[in-house]
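Remarks on the overall topology
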Amino acid sequence: EKGTYPHYMLKEIDEQPLVMRKIIQAYQNDQNELTIDADILAAMDQSDRVYIVACGTSYHAGLVGKQFIEKLAGVPVEVHVASEFVYNMPLLSEKPLFIFISQSGETADSRAVLVEVKKLGHKALTITNVPGSTLSREADYTLLLHAGPEIAVASTKAYTAQIAVLSILSAVTAKAKGRELGFDLVTELGIVATAMEALCDQKEEMEEIAREFLATTRNCFFIGRSLDYYVGLEGALKLKEISYIQAEGFAGGELKHGTIALIEEGTPVIALSTQENVDLSIRGNVKEVAARGANPCIISMKGLETEEDRFVLPAVHEILTPLVSVIPLQLISYYAALHRDCDVDKPRNLAKSVTVE
Ligand code: M6R
């Protein structure tokens, strides 16, 4: 039930800190160490390449998951949109492991790939919010999201739960392989939960940003580099899905290869900067679009902030920034949809669970 909340989406955004804490608990053993089923660890260890397959928001979580698995566990990863993979299967490695990411566990496009993968005799792990769902039953292994039911069509808490579970899978695999992480993931995810709480308390600021940048615009761009680029893709999907504003996420460096032609006087450009190694480059991209009339809204992170920033996120570990940087984007989309009188929880033409190919 949505209780005192006007919409499920807002309730589900607010639940994210609690979901982080539930996930930490669910994946800890009696010694408070993070654990993953031994069979899954063995499958990760034996695989020479992981193929992540998903759709929509879950695909965006997969892009972040690729960085985690490659950087922490040292296993190469490819991320594929399920509906493309099924008709255009890439050349597979010798020992592939498939990871299906799906909130509902019922997405037909992903299931079609799983059916093919099983025919080829490969192993599959499903990361889902729904125990007993089709993708969970048909895969060899399952990791649960523990996010509680997600009712709003726009996925919010499932995205952050997927990223948190992928971080745990990567960290525990790294440990099993004897790789040094250099940080304590339980502590860092706890810091994330606290930062999420602080962000959920700043709704007025998000409403203001939505009013200022998005109340009447026809389009909006999200730019970022590295992890910020992936979060920008998710921000754009959220915005188009519920507010019907034409929105696109771009890698900052790609602007000059075409997209910058779309910038007009007043075009809103939401720029994320949470990664130290690309901070200067993305700020350079902001200057390029501003010089062509764009209205930039920079969202940065404590430690990287400058006077030109519109909003500064609390600091979290650099690899976990998507868990916090997505929250303002979710809230901005929510308020943009409200300002434009859209049906937030049930946007037109969309279903919560897409069970047709
Ligand atoms: O249940 P799934 O995670 O497999 O769903 C995949 C997409 O249909 C879903 O994430 C969709 O993109 C959301 N409505 C986005 O908010």
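Attention in this report is confined to the structure presented alongside it. As the structure is a computational prediction, the values presented were derived from the model and not from experiment.

Once that is clear, we can look at the sheet that holds strand 1 (residues 49-54). Each strand in a sheet pairs with its neighbour through backbone hydrogen bonds, running either in the same direction (parallel) or in the opposite one (antiparallel). If you trace the five strands from one edge of the open sheet to the other, you get 2-1-3-4-5, paired in parallel fashion. Pairing within the sheet leaves two strands with one partner each, and these edge strands are strand 2 (77-81) and strand 5 (141-144). Ignoring which end each strand starts from, the neighbouring axes of this sheet average 20° apart. By the bridge criterion, five bridges tie strand 1 to strand 2 in an arrangement that is parallel.

The subject of this paragraph is unusual backbone geometry. The phi torsion at His 146 lies on the positive side, around 55°, for a residue other than glycine. Structurally, His 146 can be placed in the loop between strand 5 and helix 8 (157-176). On the basis of relative accessibility, which here comes to 34%, the residue His 146 falls in the partly exposed class. Even without being glycine, Ser 226 reaches a positive phi, approximately 55°. For Ser 226, a relative accessible area of 26% puts it in the partly exposed group.

Ranked by internal contacts, the top residues of the largest apolar core, which has 100 residues, are Ile 23, Ile 36, Ile 69, Ile 99, Leu 143, Ile 168 and Ile 299. Take this core: its biggest share by element is 12 residues, from helix 8. Those residues in contact with Ile 99, other than ones at most four positions away along the chain, are Met 44, Val 50, Tyr 51, Ile 52, Val 53, Ile 69, Leu 125, Ile 127 and Leu 169.

A few words on helix 12 (residues 279-291). Look at helix 12: 19 Å from first C-alpha to last across 13 residues, which is about the 18 Å you get at 1.5 Å a residue. Among the residues of helix 12, Asp 279, Ile 282, Arg 283, Asn 285, Val 286 and Val 289 are the ones counted as buried. Taken down its axis, helix 12 places every buried residue within 155° of arc, on the same side. Those residues of helix 12 that are exposed and angled more than 90 degrees off the buried face are Leu 280, Lys 287 and Ala 291. Contacts from the buried residues of helix 12 go to strand 6 (219-224), strand 8 (268-273) and strand 9 (295-301). Once helix 12 ends, the next one or two residues include Gly 293, with phi positive near 100°.

So, how was this worked out
Residues numbered from 1 in each chain as written. Predicted model: local features only at pLDDT ≥ 70, side-chain atom pairs only at ≥ 80, totals over all residues. Heavy atoms only, no water. Pairing = 2+ DSSP bridges. Helix = DSSP H or I, 4+ residues; strand = E, 2+ residues; numbered from the N terminus. Axes fitted to C-alpha atoms, helices over the stretch in contact; angles between N-to-C directions. Buried < 20%, exposed > 50% of the residue type's maximum accessible area, 1.4 Å probe, protein only. Core = buried A, V, L, I, M, F, W, Y, C linked by side-chain atoms within 4.5 Å. Contact = heavy atoms within 4.5 Å. Expected span 1.5 Å × (residues − 1). Arc of directions from axis to C-beta.

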